[in-house]
Each structure stands twice: as structure tokens, then as C-alpha cells.
Amino acid sequence: QPSAGISARTDAERCPAGWLPALQLLRHGSKAVTRHWKAMHFQRQKLLALTEYLPPRPAPPPRCLPRPAPRQQQEDGYARVLRAQLEATLRASRMVAVCQYNAMADEDVATLRHFLRRHDIHVKFVLNEVARPVLAQSKLRNLLPLFVCRNILLVSPEPRAREMLRVLKGVPQVILLGACIDDTILSRQGVESVARLPPRGAVPGPERRAALSRCSAQTCSLSASDRPALHRRLLEQHLRQLRGTGGAAEPAPGPGKQ
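So, a few notes on the structure that sits alongside this text.

Definitions and cut-offs
- Residues numbered from 1 in each chain as written.
- Predicted model: local features only at pLDDT ≥ 70, side-chain atom pairs only at ≥ 80, totals over all residues.
- Heavy atoms only, no water.
- Helix = DSSP H or I, 4+ residues; strand = E, 2+ residues; numbered from the N terminus.
- Buried < 20%, exposed > 50% of the residue type's maximum accessible area, 1.4 Å probe, protein only.
- Contact = heavy atoms within 4.5 Å.
- Phe/Tyr/Trp six-rings, centres within 6.5 Å; stacked < 30°, edge-to-face > 60°.
- Pairing = 2+ DSSP bridges.
- Axes fitted to C-alpha atoms, helices over the stretch in contact; angles between N-to-C directions.

### Some words on the side chain of serine 93
Phase 1: Residue position: serine 93 is located in the loop between α4 (77–91) and β1 (95–101).
Phase 2: Serine 93 sits in the buried class, given a relative accessible area of 14%.
Phase 3: Setting aside residues up to four positions removed in sequence, serine 93 forms contacts with Val155, Ser156 and Pro157.

So, in C-alpha cells, the structure goes:
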């Protein structure tokens, strides 16, 4: 049995420097490859072909595209019904007043309707889109400039200008803009002038004849006092124009000639 000192020597001490063993174990051959090429399944090929990214084609310039056809706007049936109702209301009314409508409480609107209905005046809330086409084809086309903001119509089968102004005087939210009374377009001042006229049967016959005779007497006095020769020449020239003579107007007399 060798001693501990001999077994304790290392291999470097037993083998000289630079010495290699005569037998060396070397491994030759290829490595173990488990992944070999294999044909892809045809279903997967189909899936990849379907999901393949195709970049979009560049869009043609706008000048090369055909012009879009104008879209025909279909008429709304509800708007057609509202226009028909408004046309019937205007035909049956001798007084149509256009008023500017400001915000009011529902109770105030109901009160306004009540006091106007007592005089046979009805309140109509209409949209400008509905009222403009109707007015453009009727005798009230001159009222179109008044339909700019939110408006209401006060209609009545009889001319009730005096009663309407009396009721609107206590409602500052409703402002009278204009009216049509007996086929005559009137401004606010014109409606006030009509309201100040007496009723048709209030003036008796003698007073009416006296007023007419007074107007004719004033005309005669003016023609007799203010340059009668000039008035005579103007009347003769007017007669010649009516008869188609085409004569030239005579020169007016000087300031000192009568």
C-alpha cells in the first residue's frame, strides 16, 4: 500500500511538461438535427394567401373622377301639409299681421290667445321655411322681408286692427312688424292709421257728403287763387297727351304774368 506522500503527488509532477497522452477520444460526424424541411400544408397555404397584406392602390386625382349627380331632395310630407294649411288660412283671412315673437311664458301665451280670440283673431306659429314658399306664390310676397327671425301670424276673417293693437299694447314681447288688410300691405304706422279710422257705418250720409264737398271746394279754391293760367295750360297739355297729339308743352308764364 503506497504511502500518503506518494499518492498525494499531482499529475503535473508525474508527467513532464508538454507531454500529451497517446490516445485521445475525438467525436466525428454531423450533429443531431431534428428540424428538417417539410412541405407546408395546403390549408395553411390558403390561409396565408388570404391574409396576405395588399397595399392599397393610389387614389386617382379628383379632376379625373366623374362629377356626382345632384341629389334630389325628397319633399317632406309634414311640411307639405303645413303649407296647405297656411294657404287655406291666408285665403280665408282679410287681415294678416306679421309680428316678431320673443320668449314668453306658457301662461302669457295662453292669455294672449284668449284675449285675441275674443275678437276673432287667431295666433298662428309658423316656421320661416314653411311660410316663405307660400308667401312667394301669393299676393303677400311683399311681406317676405319681415320673415327673418321667429315670427307669428295674427289672422282674422275681418279687419280688426283697433282690437289687435289694443291687445298687443300690453304684450311687449310681441312686436307688430307689418300687416295686410283687405289686400293692402301696411307698415306698423299704416296699421295704426287704419285703427284710428271710424267704422264704416259710424259716419252718417250727410256728414260723408259734407266731407266730400269740402274737399272739392278746397280744390276749386286752390285752382282759382293760385295761378289759374298755369293750371289751365297744365290741364290742356295733359289732355293733349291723353289724346295722343304729342304736342309740346307751352312755356310757363313768368312770375309777373298771370
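### Observations regarding the packing of aromatic side chains
Phase 1: This structure, assessed with the given rule, holds 1 aromatic pair.
Phase 2: Ring geometry for tyrosine 101 versus phenylalanine 125: centroids 5.2 Å apart, planes at 90 degrees, classification edge-to-face. One end of the pair, tyrosine 101, is in strand β1; the other, phenylalanine 125, is in strand β2 (residues 122–125), and 24 residues separate them in sequence.
Phase 3: Judged by relative accessible area, phenylalanine 125 falls into the partly exposed class, the value being 36%.

### Focus: the sheet that holds strand β3 (residues 151–156)
Phase 1: In spatial order, the strands read β2-β3-β1-β4-β5; together these 5 strands make up an open sheet with antiparallel pairing. Each of the sheet's edge strands pairs with one partner strand only, and the pair in question is β2 and β5 (185–187). Along the sheet, successive strands turn relative to each other by an average axial angle of 25 degrees, direction set aside.
Phase 2: Pairing geometry for β1 and strand β4 (residues 174–181), over 7 bridges, is antiparallel. By the bridge assignment for β4, valine 98 is matched with glycine 178.
Phase 3: Sheet contacts for helix α7 (residues 161–168): β1, β3 and β4; angle to β4, the most-contacted strand, approximately 175 degrees.
Phase 4: Along the sheet face, helix α8 (residues 188–196) touches β4 and β5 and points at about 100 degrees away from the line of β5.

### Side note on unusual backbone geometry
Phase 1: The backbone phi angle of aspartate 120 is positive, close to 60 degrees, even though this residue is not glycine.
Phase 2: Mapped onto the elements, aspartate 120 comes out in the loop between α5 (106–117) and β2.
Phase 3: Despite not being glycine, aspartate 183 shows a phi value in the positive range, around 60 degrees.
Phase 4: With respect to the secondary-structure elements, aspartate 183 resides in the loop between β4 and β5.
Phase 5: Judged by relative accessible area, which is 56%, aspartate 183 ranks as exposed.

This is a description of form; function is not addressed.
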